[in-house]
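The primary structure of each chain is shown beneath.
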Amino acid sequence: MLERRQFVAAGLAGMAAATLPNPLKADEHEHHASHDHDRSVFEKCAAACSECQRECNSCANHCAMMLKQGHSKHATTLATCQDCADMCVAAAQIVSRRGPFAELICKACADACAKCAEACKKFPDDKHMAECAKVCLECEKACREMLSA
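Quick caveat: nothing in here was measured; it's all calculated off a predicted structure.

Criteria and thresholds
- Residues numbered from 1 in each chain as written.
- Predicted model: local features only at pLDDT ≥ 70, side-chain atom pairs only at ≥ 80, totals over all residues.
- Heavy atoms only, no water.
- Axes fitted to C-alpha atoms, helices over the stretch in contact; angles between N-to-C directions.
- Helix = DSSP H or I, 4+ residues; strand = E, 2+ residues; numbered from the N terminus.
- Parallel < 35°, antiparallel > 145°, perpendicular 65-115°, else oblique.
- Left-handed = near helix turned anticlockwise from the far one by under 90°.
- Contact = heavy atoms within 4.5 Å.
- Nonpolar A, V, L, I, M, F, W, Y, C, P; charged D, E, K, R; others polar.

A. Focus on the packing of helix 4 (residues 102-120) against helix 5 (residues 127-148). At a closest axis distance of 8 Å, the pairing of helix 4 and helix 5 adopts a crossing angle of 155 degrees. With respect to helix 5, the axis of helix 4 lies roughly antiparallel. When you trace helix 4 past helix 5, the crossing you get is left-handed. Note on element contacts: helix 5 touches helix 4 through Met129, Cys132, Ala133, Cys136, Leu137, Cys139, Glu140, Cys143, Arg144, Met146 and Leu147, opposite Ala102, Glu103, Cys106, Lys107, Cys109, Ala110, Asp111, Cys113, Ala114, Cys116, Ala117 and Cys120. For the contact of helix 4 with helix 5, the per-class residue count stands at 18 nonpolar, no polar and five charged.

B. Representation of the packing of helix 3 (residues 74-96) against helix 5 in the model. Packing of helix 3 against helix 5 leaves a shortest axis separation of 12 Å and a crossing angle of 35 degrees. Of the two possible hands of crossing, helix 3 and helix 5 adopt the one that is left-handed. Judged by residue contacts, His74, Thr77, Cys81, Cys84, Cys88 and Val95 of helix 3 engage Met129, Cys132, Cys136, Cys139 and Met146 from helix 5. Here the residues of the contact of helix 3 with helix 5 sort into nine nonpolar, two polar and no charged.

As structure tokens, then:
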């Protein structure tokens, strides 16, 4: 039977050993760090796509109001924002689960966001359109970063 001193000494030795780095786990740590980086790139992309989808839907609603007021030039951006929002929602879902088509949808989403931003930039005095263009460009960037990871 262990005496109290032996029990405490064994416990302290075990705690000390547990704090020492395990050289066999160094590769595993590097693998987890790489996996965490990949995960954060995917998560950042999915979040940017989700945010862009919401902004594009809001902008499409704004364009519909502008059309109602007789501003016919907003017909194109209404359709552009709706299509971009649909691309973004699909990308957010597929990328968040790391689906096999993540690269494919991200490429398409990045291209759609670039075109939507370009269309919205044609209205530089409209704050709503400018914000949509900004968010689309951020989403495009996040998609392209995910593609390069």
